[in-house]
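Listed below, chain by chain, are the residues.
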Amino acid sequence: MLEPISNDDELYRRIARDFIKPDGSVSSKAFYFKGKPDPHISVDLGRLTTKQDSINRARKPGCRLGILTAGDPRSYGFVVRHDPDVQNNNFSHSLIEGENTKELCYKLAESTKLSSFISS
Amino acid sequence: MATLDRIETLDDLEVPAQTARSFGVNPTANLSQSPVTGTWYPVPKPSFHDLQVSFQRLKSLSELESDWDSYGAEPISSSSIHLALQFLVVLRNVFAGISNEKSNGLSQKIEPYAIIPVPNGGVQLEWRGSTKDLELEVEPTGVFSYLLIDKHTSGKTFKEQSGVSLAQAIGLVCKILID
């Protein structure tokens with residue numbers, strides 16, 4: 001069963017510590033896959049998980065949890081949709097999808113707020 | 001290729017002489033050519049003593065393991081690290097010539113505000129200016145690309161381009177720092 005995602009829904013994205021700049025802001029590179037702006041950005045839908053569970057999915061220590069509001073990527077032209085990850089038993093998995101650019105990665109990073117949750 | 005532990009001077013980086021000259025640096029005589037007047041200036045033997053923060057940051061990025069971002073990122077390639085260092089040294093020498101002319105301490109500004117790893121093994125150097133910011137990516141293949149952010153009172157405008165030359169990349173950073 002796919003969940004509708006409203007513009008007010010929170011999305012969680014793990015942010016590696018090396019993506020955090022000296023002033024505490026998030027780098028646009030947090031929204032790259034390999035060397036390109038990611039057209040299928042993995043996030044967790046906040047109301048179907050917890051911040052702790054989401055950060056626990058990090059495979060490396062030191063990742064911070066970044067929080068976006070679904071309306072922001074939509075305002076940049078992305079589609080935000082629920083996409084459960086059955087293989088990894090993550091029902092909250094969702095995607096920010098669409099043609100992506102350096103500029104849009106920059107805007108996504110600007111819209112991301114860091115929580116205090118850190119992976120161990 | 002030299003390891004980061006023994007890199008101390010431009011010679012250690014093995015910058016091809018032709019590349020160095022194309023950026024106004026005479027690698028054998030340690031001369032820097034002013035991009036303004038074309039005059040050659042003597043500069044101290046290049047070292048990383050005034051680029052220590054960048055050097056240490058790049059060194060720490062070189063130690064990142066596979067999947068460091070938890071989304072499948074590749075380790076940062078030694079070629080990206082070396083190219084970024086080469087770029088900073090050449091930039092420093094170009095600015096040394098400008099500073100000699102204007103004595104305005106421009107060479108103090110060349111250290112990037114942030115150095116960020118790119119998930120394909122590349123490195124991003126970021127500078128912040130009063131009206132413009134620059135994100136310059138150095139890819140493992142040696143290709144440069146950038147995002148230029150123009151900051152207005154009414155908001156921001158953006159320009160991005162891939163496959164830019166070293167000379168263009170130097171010019172962009174100069175534009176940010178002199179701005």
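This one's a predicted model, so the numbers in the text were calculated from it and none came from an experiment.

A.B. asks: Looking at this model, I keep getting lost on the side chain of B:S145. Mind explaining?
C.D. replies: Here B:S145 shows up in strand β7 (residues 144–152). Engagement of the side chain of B:S145 in a polar contact is seen with the side chain of A:K102, the distance being 3.0 Å. Excluding its chain neighbours within four sequence positions, the residues that come into contact with B:S145 are A:K102, B:E135, B:L136, B:E137, B:E139, B:Q161, B:S162, B:G163 and B:V164.

A.B. asks: What exactly am I supposed to notice about the sheet that holds β7(B) here?
C.D. replies: Within a sheet, each strand pairs with its neighbour through backbone hydrogen bonds, oriented either parallel or antiparallel. Spatially, the five strands line up as an open sheet ordered β4-β5-β6-β7-β8 (chain B), and their pairing is antiparallel. The open sheet terminates on both sides in strands that have one partner only, identified here as β4 (114–117) and β8 (155–164) of chain B. For this sheet the average axis-to-axis angle between neighbouring strands, irrespective of direction, equals 15°. Taken together, the nine bridges between β7(B) and β8(B) define a ladder with antiparallel strand orientation. Bridging from a neighbouring strand, B:K151 pairs with B:K156 of β8(B). In the packing of helix α3 (residues 102–111) of chain A onto the sheet, the strands contacted are β6 (132–138), β7 and β8 of chain B, and the crossing angle to β8(B) comes to about 135°. Together, β4 and β5 (123–128) of chain B form the strand contacts of helix α3 (residues 52–61) of chain B, whose direction differs from that of β4(B) by roughly 10°.

A.B. asks: Could you clarify how one ought to interpret the sheet that holds strand β4 (residues 40–45) of chain A in this entry?
C.D. replies: All names here are of chain A. Strand order in the open sheet formed by six strands is β6-β7-β4-β1-β5-β8, with antiparallel pairing between adjacent strands. Lying at the two open borders of the sheet, with one neighbouring strand each, are β6 (79–82) and β8 (113–118). Neighbour to neighbour, the strand axes of the sheet diverge by 35° on average, direction disregarded. On the sheet, α3 packs against β4, β5 (64–69) and β8 and is oriented at approximately 100° with respect to β5.

A.B. asks: What is the right way to look at α3(B) in this model?
C.D. replies: For an α-helix the count is 3.6 residues per turn, leaving residues at separations of three or four pointing the same way. Looking only at α3(B), the buried set comprises B:S54, B:F55, B:L58 and B:L61. The buried side chains of α3(B) occupy one side of the element, clustering within an arc of 125° when seen end-on.

A.B. asks: What am I meant to see in the state of the cysteines here?
C.D. replies: Residue and element names in this part refer to chain A. Enumeration according to the criterion identifies zero disulfides over all chains in this entry. For the unlinked cysteine C105, the closest cysteine sulfur is that of C63, found at 17 Å. A residue is classified by how much of its surface remains accessible, and C105, at 0% relative accessible area, is buried.

A.B. asks: Would you mind going over the pairing of β7(B) with me for this structure?
C.D. replies: Look at any regular strand and the pattern is simple: side chains alternate between the two faces of the sheet. Residues and elements named next belong to chain B. Direction of pairing for β6 relative to β7: antiparallel, over a ladder of seven bridges. Along β7, the bridge assignment pairs K132 with D150. A loop of five residues connects β6 with β7, the two strands running antiparallel in sequence, and G142 in this loop sits at a positive phi of about 90°. If you look at the hairpin formed by β7 and β8, you'll find two residues sitting between the two strands.

A.B. asks: What am I meant to see in the pattern of salt bridges here?
C.D. replies: Opposite charge on two side chains permits them to pair, given that their charged atoms come into close proximity. As enumerated under the stated definition, the model contains 18 salt bridges over all chains in all. A:D18 is the salt-bridge partner of B:R57, the closest N and O atoms lying 2.8 Å from each other. Within this pair, whereas B:R57 is found in helix α3, its partner A:D18 is found in the loop between β1 (10–15) and β2 (32–33), the two belonging to separate chains. Taking the relative accessible area as the measure of exposure, B:R57 reaches 22% and is therefore partly exposed. Note that B:E135 and A:K29 form a salt bridge whose closest N and O atoms lie 3.6 Å from each other. Here B:E135, found in strand β6, pairs with A:K29, found in the loop between β1 and β2, and the two come from separate chains. The two residues B:E135 and A:K29 agree in class, both being buried. Counted as one network, the salt bridges with shared partners bring together A:K21, A:D23, B:E126 and B:R128.

Quick notes on the rules
Residues numbered from 1 in each chain as written. Chains lettered and ligands numbered in written order. Predicted model: local features only at pLDDT ≥ 70, side-chain atom pairs only at ≥ 80, totals over all residues. Heavy atoms only, no water. Helix = DSSP H or I, 4+ residues; strand = E, 2+ residues; numbered from the N terminus. Polar contact = N/O pair within 3.5 Å; in protein donor to acceptor, adjacent residues only side chain to side chain. Contact = heavy atoms within 4.5 Å. Pairing = 2+ DSSP bridges. Axes fitted to C-alpha atoms, helices over the stretch in contact; angles between N-to-C directions. Buried < 20%, exposed > 50% of the residue type's maximum accessible area, 1.4 Å probe, protein only. Arc of directions from axis to C-beta. Disulfide = S-S within 2.5 Å. Salt bridge = Lys/Arg side-chain N within 4 Å of Asp/Glu carboxyl O.

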